[in-house]
Amino acid sequence: SIVFEASTSPLVGRDGDIVGARQLKERLFNEAENNVTMKIEELEDKSGVEVSGRGILHLSVLMESMRREGIEQEDFMEVPAKKFQRMYPGFEVRLNGAYIVKCEGCKKDENGNKMEPVEQAVVECPDEYSGKVVEVFGTSGGIMTSMDTSGIVTHLEFKIPTRGIMGLKNRIMNVTHGEGVFYHTFLEYGPYAGEIGNRQNGAMISMTTEKAVAYALGTLQERGQLFIGAGVPVYAGMVVGVSPKQEDITVNVCKKKQLTNTRADGSDDALRLVPPRKLSLEQSLEFLADDELLEVTPKSLRIRKRILDHERRMKAAHGKGAK
């Protein structure tokens, strides 16, 4: 399940025309009337609407439809040879990153212990990557039940809580260099597996609100993998990249070069920026940590911290701050 909320971004309204909470609620309730495969309910505090479905792909279809609604509409003039397209931007929404697989009726075993849905996951990959695949499943709460190798391709089977499937596909594709095949299906209800490890990498967070500068990005690309390029508008609290370390780091992507008598404006023309990593909607949803949100607009996907202010975010992390 995922919570849809009206966007509160400093950049709200730049890409889409539909940004109000009332319009968002009406759109989702209309979806509930026509789409019986989703469960759509308003939160008790009226702050958003919770949408539940079968996996990220199921939910992302709705999100993609909303951000593209009315984007392409054709107007035919009296002259048949001329056809024009007008652009009507769709919704801007904020998505809560707290994904929870709910056990209907709080399913428990005969001893009263909590149960949760368990998937059977299957991976087929080249032999040299099988060890990495087993390691990835181990950090996601998976248990290997079968392994068969032919000397070229290894067939692996796992039992894993449905919660552990979140983000697993991209991790499998990364460690198998795109050569792995991964699929899963519901198996049974099993004992609750406890806490499952979250994202292992920290985020690179912007400390300023402006447009990103190539000079700053050139110095930061050595510290992690960037999600943005030069000239992209950013704001304080927005996630602009991923760090190889576990801790989040705050960076200045808008820092300009200090010009002096010996450093001219064109002296860094040889600067080469690594192309930024572009996340799809599904990849963005899987990337989110518990304290992050995803802003979806007709033109952009932006990951941000729930608390934008750096000082408040640090206090909250140490249990001293406000919500």
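Residues numbered from 1 in each chain as written. Predicted model: local features only at pLDDT ≥ 70, side-chain atom pairs only at ≥ 80, totals over all residues. Heavy atoms only, no water.

So, on to unusual backbone geometry. A negative phi angle is the norm for most residues apart from glycine, just as the trans form is the norm for most peptide bonds. Here the phi dihedral of K46 falls at roughly 65 degrees; this positive angle occurs in a residue that is not glycine. Positionally, K46 belongs in the loop between β2 (39–42) and β3 (49–52). For H177, which is not a glycine, the phi torsion comes out positive at approximately 55 degrees. Locating H177 in the fold gives a position in the loop between α4 (168–175) and β10 (181–191). For H177, a relative accessible area of 58% gives the class exposed. (Helix = DSSP H or I, 4+ residues; strand = E, 2+ residues; numbered from the N terminus. Buried < 20%, exposed > 50% of the residue type's maximum accessible area, 1.4 Å probe, protein only.)

Once that is clear, we can look at the pattern of salt bridges. Across all of its chains, the model carries 14 salt bridges by this definition. The partner of E42 in a salt bridge is K25, with the nearest N and O atoms 2.8 Å apart. Here K25 lies in helix α1 (residues 21–34) and E42 lies in strand β2, a separation of 17 residues in the sequence. A residue is classified by how much of its surface remains accessible, and E42, at 25% relative accessible area, is partly exposed. (Salt bridge = Lys/Arg side-chain N within 4 Å of Asp/Glu carboxyl O.)

Among the 12 residues in strand β7 (residues 115–126), 10 count as buried, and that is most of the element. Note that β7 and β10 share 10 bridges and pair antiparallel. For P117, the partnering residue across the bridge sits in β10 and is Y189. (Pairing = 2+ DSSP bridges.)

In the predicted model, the protein chain carries a mean pLDDT of 83, and 85% of its residues have values of at least 70. This stretch, residues 71–88, has a pLDDT under 50; its non-local contacts, to residues over four places away or in other chains, come to 21 contacts. (pLDDT = per-residue confidence, 0-100. Contact = heavy atoms within 4.5 Å.)

It is worth spelling out the nonpolar core at this point. If you look at the biggest cluster of nonpolar residues, it comprises 44 residues, and the most contacted ones within it are F4, L28, V51, L95, I228 and V253. Considering each element in turn, this core owes the most residues, 5 residues, to helix α2 (residues 55–68). If sequence neighbours within four positions are ignored, V253 has contacts with S206, K211, A212, V213, A216, L217, L220, I228, V234 and V240. With 14 residues, the next largest nonpolar core counts V136, I160, L168 and F182 among its residues. (Core = buried A, V, L, I, M, F, W, Y, C linked by side-chain atoms within 4.5 Å.)

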